[in-house]
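Chain residues, written in single-letter form:
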Amino acid sequence: MTYCVGIKLNAGLVFLSDSRTNAGLDAISTFRKMMIYEKRDDRFMVMLSAGNLSISQSVREVLQVEKIAAAEPGHEPITIWNATSMFDAARVLGAAVRRVYQQDGPSLKASGIDFNASMIFGGQICGEAMRLFLVYSAGNFIEATRETCFFQVGESKYGKPILDRVLTPATGLDEAAKCALVSMDSTLKSNLSVGPPLDLLVYREGQFASDEHVCVDDANPYFQMIRTTWGQRLREVFESIDDPRWDGGDATHPLMVKSARYEPMRKITHPGERIV
């Protein structure tokens, strides 16, 4: 499995992915999940992938050459390299996913394997604002909004709470990168199918290029600090919270308070008793 997150902010974009792929407990491999497409001063795009590795690798290859028809007759077909909007670039990616499905879907189905792949795709093309998309296995996609400024694929549940609590469109890029790494640490802590090395990239709005990307392994000092500090501070905060009082005694925040709407659970004391 894998875990990837893409974040869209006022100041730019943040992308983070792991690199672990497993086909069982004794078949663990490393495959990078991030692809960077850069044409300086014109366009910058990043794709993160999760799901069946053979499908996502095929989509990567097809995406380089995939074309869709232009809206107006006589115009050259649209590719990720000449698209005038990120929406059209996402359409090209969707077409690449569908092409791979047409080629491999029937054979996978005959073998009892689902066509499972999802991608986070974002960036900026000269002449328009940054955009971020989540592309599904059918090639359809949705776009990030100010209300939902991040997407996750893969093992998303472990790292989602910190993203929900911290991120807004106004969050700074460095703070968002830190938040993404904490989210990844939470996932690594709880799921063995996600693992380093990690790929972290920060894109600053209007640059159409980025040199702020790094491969983070187990020995990375900053990520080691994140893992140690986050765990320690969580324990400190947890220990600072009062324990519940079950005796109804004096407490700043009492637990044994009667609900205005619901009654406590009743006990079954003999075989013939029913609660409902």
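The present account deals with the structure reproduced in this document. Predicted, not measured: the structure shown is a model, and the values here were computed from it. Every chain's residues receive numbers from 1 upward, in the order its sequence appears when written. pLDDT decides what is reported in this predicted model: residues at 70 or higher carry local features, side-chain atom pairs at 80 or more are listed and counted, and totals for whole chains, interfaces and linings draw on all residues regardless. With hydrogens and water stripped out, all remaining heavy atoms of the structure feed into the side-chain values.

1. Some points on the sheet that holds strand 1 (residues 3-8)
Part 1 of the argument: What the five strands build is an open sheet, ordered 10-1-2-11-12; its pairing is antiparallel. Two strands bound the open sheet, and with one partner strand each, they are strand 10 (150-154) and strand 12 (212-216). Going across the sheet, the axis of each strand differs from the next one's by a mean of 5°, ignoring polarity.
Part 2 of the argument: Only when DSSP finds a minimum of two bridges between them are two strands counted as paired. Only runs of H or I of at least four residues qualify as helices and only runs of E of at least two qualify as strands under DSSP, and these elements are numbered from the N terminus. Here six bridges tie strand 2 (residues 12-17) to strand 11 (residues 198-204), and the two strands are oriented antiparallel to one another. Residue pairing across strands places leucine 13 opposite tyrosine 203, the latter belonging to strand 11.
Part 3 of the argument: Sheet strands in contact with helix 4 (residues 173-190) are strand 1, strand 2 and strand 11, and its direction is about 20° off that of strand 2. With axes taken as lines fitted to C-alpha atoms, and helix axes fitted only over the stretch in contact, angles between N-to-C directions fall between 0 and 180 degrees. Contacts are assigned to residue pairs with any non-hydrogen atoms lying within 4.5 Å of each other.

2. Section: helix 4
Part 1 of the argument: Expected span of a helix: the number of residues minus one, times 1.5 Å. Across its 18 residues, helix 4 extends 26 Å between first and last C-alpha, which sits within 8% of the 26 Å expected from 1.5 Å per residue.
Part 2 of the argument: Only protein chains enter the accessibility calculation, which uses a 1.4 Å probe. A residue is then buried if its area is under 20% of the maximum for its type, exposed if over 50%, and partly exposed in between. Burial analysis of helix 4 places 13 of its 18 residues in the buried class, the great majority of the element.

3. Structural notes on the environment of glycine 123
Part 1 of the argument: Mapped onto the fold, glycine 123 is located in strand 7 (residues 117-125).
Part 2 of the argument: Distance from glycine 123 to serine 193, taken between C-alpha atoms, is 28 Å for residues 70 residues apart in sequence.
Part 3 of the argument: If we ignore the near neighbours within four places in the chain, the residues touching glycine 123 are Leu13, Phe44, Met45, Met86, Met130 and Arg131.

4. Here we look at the nonpolar core
Part 1 of the argument: Put simply, buried Ala, Val, Leu, Ile, Met, Phe, Trp, Tyr and Cys residues joined by side-chain atoms within 4.5 Å make one nonpolar core. Core analysis: the largest hydrophobic core is formed by 28 residues, its most contacted members being Val59, Leu63, Leu93, Met119 and Phe121.
Part 2 of the argument: Mapped onto this core, the elements with two or more residues apiece are strand 6 (43-51), helix 1 (53-65), helix 2 (86-110), strand 7 and strand 8 (131-135).
Part 3 of the argument: At ten residues, the largest contribution of residues to this core is made by helix 2.

5. A word on the sheet that holds strand 9 (residues 141-143)
Part 1 of the argument: Taken in spatial order, the five strands make up an open sheet running 5-6-7-8-9, and their pairing is antiparallel. Edge positions in the sheet fall to strand 5 (34-39) and strand 9, since each of these pairs with one other strand and no more. Between one strand axis and the next, the sheet turns by 15° as a mean value, whatever way the strands run.
Part 2 of the argument: The sheet contact formed by strand 8 and strand 9 spans three bridges and is antiparallel. Directly across from phenylalanine 133, in strand 9, lies its bridge partner glutamate 143.
Part 3 of the argument: Most of the contacts of helix 2 go to strand 7, to which it runs at about 155°, and overall it touches strand 6, strand 7, strand 8 and strand 9.

6. Brief notes about the pairing of strand 7
Part 1 of the argument: Counting buried residues along strand 7, nine of its nine residues qualify, which places the element largely inside the surrounding structure.
Part 2 of the argument: The side-chain alternation of strand 7 yields two buried faces, one formed by Ala117, Met119, Phe121, Gly123 and Ile125 and the other by Ser118, Ile120, Gly122 and Gln124.
Part 3 of the argument: Where strand 6 lies against strand 7, nine bridges are found, and the strand directions are antiparallel. Each residue of the ladder has a partner; that of methionine 45, found in strand 7, is glycine 123.
Part 4 of the argument: Count of turn residues in the strand 7/strand 8 antiparallel hairpin: five residues, of which glycine 127 carries a positive phi of about 105°.

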